[in-house]
Amino acid sequence: MIDKRAQILLKTLVERYISEGQPIGSRTLSKFSGLDLSPATIRNIMADLEEMGYIISPHTSAGRIPTPLGYRFFVDSLLTVQPLDAIEVHQLENQLHPSDPQKLIASASQLLSDLTQFAGIVMAPKRRSIAFRHIEFVNLSEKRILLILVTTDDNVQNRIIVSEKSYSASELTQAANFINQHYAGCTLEEVRSKMQVELKQLHHDMTALMAVALEAGSEAMNEGADSYVLSGERKLLHVQDLSSNMASLRRLFDAFDQKTTLLQLLDISQHAQGVQIFIGGESGRMPLEECSLVTAPYEVDGQVVGTVGVIGPTRMAYERIIPIVDVTAKLLSSALSYH
């Protein structure tokens, strides 16, 4: 366990390093820590912190910098978050009120980037389970069927189904009538569970068609759910800690293109309480050692539907970034729930 003096020195070291971007030496720690310690004592404590993996000496420098483990301890135990003042909150509110929810997501992402000068990211809301009003099948050609799905919120989704056998127009009408008669007003998940029991009374071929139709309908309803809006990623090109290593930057931009890694992190955040911070490679999922991701979930009508976040260097002003992400998530929740 780190004693109080070591905690104060580690906190001072991380804060000065975030502020100055240069390895921090004993003299700086003596000046800013407020502790009355001899240079020898400070060096001994620094040696202990280095042995525990919280700080390292880069190259031959006399100073030290935090490791991801050091940042983690700082963020979890030593950080003093600075709340946003009323004027900043009001500015945020004013910029998060477009009438179109999709524009709202894009605005929130751009806002996070503008406020932090890093990359802002917002995971698009997952569609909540929406009930369907009406379903229709149209024969396109042999074994190709158009599924038309109308939801209770008047959203129309079309999907082409490729079936294993051919169906006549009357068979397709019979299948659609059966679903509309028995299940209109249910979500597709509810239909699927009820049908497992009730479809035994139907012809096997029709059961196969229904299963394919439900699968296609679910895909149509969830299309675009696993996506995010990323803004300001080019700003990361101007961050000294990242731009000095082009190979690392390429890996980061590859991760942006592939999406999978970031979506996993955003999904973890969505199932957590409040602000989450992923530092460097500690999560096993961040694409870069030199990067951190600060996230917070947002809600619509009390149900968590997505995540907002900021991607930047590990050397970021966490005490400022955390409240920006937190407040943006809360304001986005309010704006989307208002719709």
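Higher on the page you've got the structure.
The rules behind these values
Residues numbered from 1 in each chain as written. Predicted model: local features only at pLDDT ≥ 70, side-chain atom pairs only at ≥ 80, totals over all residues. Heavy atoms only, no water. Helix = DSSP H or I, 4+ residues; strand = E, 2+ residues; numbered from the N terminus. Buried < 20%, exposed > 50% of the residue type's maximum accessible area, 1.4 Å probe, protein only. Contact = heavy atoms within 4.5 Å. Areas by Shrake-Rupley, 256 points an atom, 1.4 Å probe, with all protein chains shown as cover. Arc of directions from axis to C-beta. Salt bridge = Lys/Arg side-chain N within 4 Å of Asp/Glu carboxyl O. Core = buried A, V, L, I, M, F, W, Y, C linked by side-chain atoms within 4.5 Å. Pairing = 2+ DSSP bridges. Axes fitted to C-alpha atoms, helices over the stretch in contact; angles between N-to-C directions. Phe/Tyr/Trp six-rings, centres within 6.5 Å; stacked < 30°, edge-to-face > 60°. Lys NZ or Arg CZ within 6 Å of the ring centre and 35° of its normal.

Chemist: Would you mind going over the overall build of the chain in detail, with residue names and values included?
Modeler: A tally of helices and strands in the chain yields 13 helices and 10 strands. Each of the 339 residues in the chain was classed as buried or not, and the buried ones make up 47%. Taking the contacts inside the chain whose residues are at least 6 apart along the sequence as the reference set, 60% of them involve residues at least 24 apart. Accessible surface, the chain as shown: approximately 17,100 Å² in total, 49% of it carbon and sulfur.

Chemist: So what's going on with the environment of Arg5? Which residues, and what values?
Modeler: In this structure, Arg5 sits in helix 1 (residues 4-20). Residue Arg5 is classed as partly exposed on the basis of its relative accessible area of 38%. Considering only alpha carbons, one finds Arg5 and Ser33, 28 residues apart in sequence, at a separation of 9.3 Å. Setting aside its immediate chain neighbours within four residues, Arg5 contacts Leu35, Leu37, Thr41 and Ile45.

Chemist: I'd like a description of helix 12 (residues 260-270), backed by residues and values.
Modeler: Of the residues making up helix 12, those classed as buried are Leu262, Leu263, Leu265, Leu266, Ser269 and Gln270. In a view along the axis of helix 12, the buried residues occupy a sector of 160°, so they form one face of it. Packed against the buried residues of helix 12 are strand 3 (119-123), strand 7 (228-231), helix 11 (246-258), strand 8 (276-279), strand 9 (291-300) and strand 10 (303-313).

Chemist: Can you tell me about the pattern of salt bridges, naming the residues and giving the values?
Modeler: Inspection of the entire model under this criterion finds eight salt bridges. One salt bridge connects Glu20 with Arg16, and the closest N-O pair in it is separated by 3.0 Å. Here Arg16 and Glu20 lie together in helix 1, a separation of four residues that amounts to about one turn. Glu20 sits in the partly exposed class, given a relative accessible area of 36%. Between Asp114 and Lys235 there is a salt bridge, with its nearest N and O atoms 3.1 Å apart. Of this pair, Asp114 sits in helix 6 (residues 101-116) while Lys235 sits in the loop between strand 7 and helix 10 (240-243), placing them 121 residues apart in sequence.

Chemist: Describe the nonpolar core, and please don't skip the residues or the numbers.
Modeler: Nonpolar side chains tend toward joint burial in soluble globular proteins. The biggest cluster of nonpolar side chains holds 76 residues, and the ones touching the most others in it are Ile311 and Tyr318. Considering each element in turn, this core owes the most residues, 11 residues, to helix 13 (residues 318-338). Apart from the residues within four sequence positions on either side, Tyr318 is in contact with Ile18, Tyr71, Val75, Leu79, Ile277, Ile279, Ser292, Val294, Pro313 and Pro323. Core analysis: the second largest hydrophobic core is formed by 22 residues, Phe132, Ile135, Ala176 and Tyr183 among them.

Chemist: I'd like a rundown of the sheet that holds strand 7, residues and numbers included.
Modeler: The sheet built from five strands is open, its strands ordered 7-3-10-9-8 with antiparallel pairing. Two strands in the sheet have a free side with no partner beyond their single neighbour: strand 7 and strand 8. Going from strand to strand, the sheet's axes swing by 20° on average, the running direction of each strand aside. Judged from the four bridges that link them, strand 3 and strand 7 form a sheet pairing that is antiparallel. The residue of strand 7 that forms the bridge with Ile121 is Leu230. Of the strands in this sheet, strand 3, strand 7, strand 8, strand 9 and strand 10 touch helix 12, which is tilted by about 125° from strand 10.

Chemist: So, the packing of aromatic side chains: which residues are in play, and what are the values?
Modeler: Under the defined criterion, the tally for this structure stands at four aromatic pairs. Summarising the aromatic geometry, the rings of Tyr71 and Tyr318 are spaced 6.0 Å apart at their centres and angled 55° between planes, so their arrangement reads as tilted. Within this pair, whereas Tyr71 is found in helix 4 (residues 68-78), its partner Tyr318 is found in helix 13, the two being separated by 247 residues in sequence. With relative accessibility at 0%, the residue Tyr318 sits in the buried group. Above the ring of Tyr167, the side-chain terminus of Lys165 is found at 4.3 Å from the ring centroid. The ring centre of Tyr17 lies 5.7 Å from the NZ or CZ of Arg315, which sits over that ring.

Chemist: Quick rundown of the sheet that holds strand 5 (residues 144-151)? Include the residues and the values.
Modeler: Ordered in space as 4-5-6, the three strands form an open sheet in which the pairing is antiparallel. Two strands lie at the open edges of the sheet, namely strand 4 (132-141) and strand 6 (156-162), each paired on one side alone. The sheet shows a mean angle of 20° between the axes of neighbouring strands, taken without regard to direction. Across eight bridges, the pairing between strand 4 and strand 5 is antiparallel. By the bridge assignment, Phe137 is partnered in strand 5 with Leu147.

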